[in-house]
Amino acid sequence: MKDHQFRFFDLALRCQVLRFGEFTLKSGRVSPYFFNAGRFDHGAALATLAECYAQALEESGLAFDMLFGPAYKGIPLATAVAIALAARGRDVPVAFNRKEAKDHGEGGLMIGAPLKGRVLIVDDVVTAGTAVRESIAMIGAAGATPCGVLVALDRQERGESGLSATQEITAGSGIPVVAVARLEELLAYTSGQPALQEHLGRLQAYRARYGVAQAAPSH
């Protein structure tokens, strides 16, 4: 496991973003863990999180020109990642969308820099992939090129198609999904934490039942 992935899980536990137990998901599956990025709700936590995103992005080698944050959770995430990248010496534009078009002031659905060039979508997780597909359509409609998706966690779970949500995005759009960490790294992290050992068996059983085939390492 890479250092930024370890820091990411440490942070997620401290902020109660990552919790263990029994959680019924929208799919009806009973998951032994739950991830709620909305609880990264303080400046210091967002700064550390954005550093983890920036490191994963840098290690991926993905070429991009600007960031786009889908409303709502993607907005603070894309903004924080842009700040983290600027601290590393790379100043990139950032944009995001409204849920509903504004008919006064500057109007429209988009806020921030104009969409152009290679646009990287930044979000928390990919579940059904609806927000990502909508973002891809908006970016394409503006004449720009969606070049990838950057997320915090890839659950690596099979959907109805037999692929995971992130695999479906790549299969359907041809763009890569970069994750700070995946279920695979969560298992590795849990196995190395004595206080979390009681959850390891349930995580392994869940992966065996719902997990996708092993993919390339995350960044």
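- You'll find the chain entered in an unreviewed UniProt entry as Orotate phosphoribosyltransferase, with Denitratimonas tolerans given as the organism.
- Check the Function (unreviewed entry) section of the UniProt entry for the chain; it says "Catalyzes the transfer of a ribosyl phosphate group from 5-phosphoribose 1-diphosphate to orotate, leading to the formation of orotidine monophosphate (OMP)."
- UniProt, in its Pathway (unreviewed entry) section for the chain, records the words "Pyrimidine metabolism; UMP biosynthesis via de novo pathway; UMP from orotate: step 1/2."

1. Details of the overall build of the chain
1) Next: Of regular secondary structure, the chain possesses 7 helices and 8 strands.
2) Next: Over its C-alpha atoms the chain spans a radius of gyration of 17 Å, differing by no more than 12% from the 17 Å that the globule rule assigns to 219 residues.
3) Next: For the chain, the spread of C-alpha atoms along the principal axes amounts to about 55 × 40 × 30 Å.
4) Next: Burial statistics for the chain: of 219 residues in total, 46% are counted as buried.
5) Next: Considering only contacts in the chain between residues 6 or more positions apart, those separated by 24 or more positions represent 71%.
6) Next: Summed over its atoms, the accessible surface of the chain is roughly 10500 Å², and 54% of this surface lies on carbon and sulfur atoms.
7) Next: Side chains of the chain carry 22 positive and 22 negative charges; the gap between the two charge centres is 2 Å.

2. Here's the deal with the pairing of strand 2 (residues 30-35)
1) Next: Where strand 1 (residues 18-24) lies against strand 2, 5 bridges are found, and the strand directions are antiparallel. The partner of F20 across the bridge, within strand 2, is Y33.

3. What to know about the environment of V132
1) Next: By the element assignment, V132 lies in helix 4 (residues 130-141).
2) Next: Considered as a pair, V132 and L62 are 70 residues apart in the sequence and their alpha carbons are 17 Å apart.
3) Next: Contact partners of V132, with chain neighbours within four places excluded, come to I121, V126, V149 and I169.

4. Regarding helix 3 (residues 74-87)
1) Next: The terminal C-alpha atoms of helix 3, which comprises 14 residues, lie 20 Å apart, in line with the 20 Å expected from a rise of 1.5 Å per residue.
2) Next: Taken together, the buried positions of helix 3 are G74, I75, L77, A78, A80, V81, A82, A84 and L85.
3) Next: With its phi angle positive at about 95 degrees, G89 sits one or two positions after the end of helix 3.

5. Details of the UniProt feature "binding site: orotate" (unreviewed entry) in the chain
1) Next: UniProt records the feature "binding site: orotate" (unreviewed entry) at F34, F35, T127 and R155, using the numbering of this structure. Taking the farthest pair of C-alpha atoms as the criterion, the annotated set spanning 122 residues converges on one region, since that pair is 12.5 Å apart.
2) Next: Relative to the elements of secondary structure, F34 occurs in strand 2.
3) Next: Residue classification places F34 among the partly exposed residues on the basis of a relative accessible area of 29%.
4) Next: With sequence-adjacent residues up to four places away left out, F34 is seen in contact with V17, L18, R19, F23 and L25.

What counts, and where the lines are drawn
Residues numbered from 1 in each chain as written. Predicted model: local features only at pLDDT ≥ 70, side-chain atom pairs only at ≥ 80, totals over all residues. Heavy atoms only, no water. UniProt positions renumbered as here; feature names shortened; annotations may be inferred. Helix = DSSP H or I, 4+ residues; strand = E, 2+ residues; numbered from the N terminus. Rg over C-alpha atoms; globule rule 2.2 N^0.38 Å. Buried < 20%, exposed > 50% of the residue type's maximum accessible area, 1.4 Å probe, protein only. Contact = heavy atoms within 4.5 Å. Areas by Shrake-Rupley, 256 points an atom, 1.4 Å probe, with all protein chains shown as cover. Lys, Arg positive; Asp, Glu negative; His and termini not counted. Charge placed at Lys NZ, Arg CZ, Asp CG, Glu CD. Pairing = 2+ DSSP bridges. Expected span 1.5 Å × (residues − 1).

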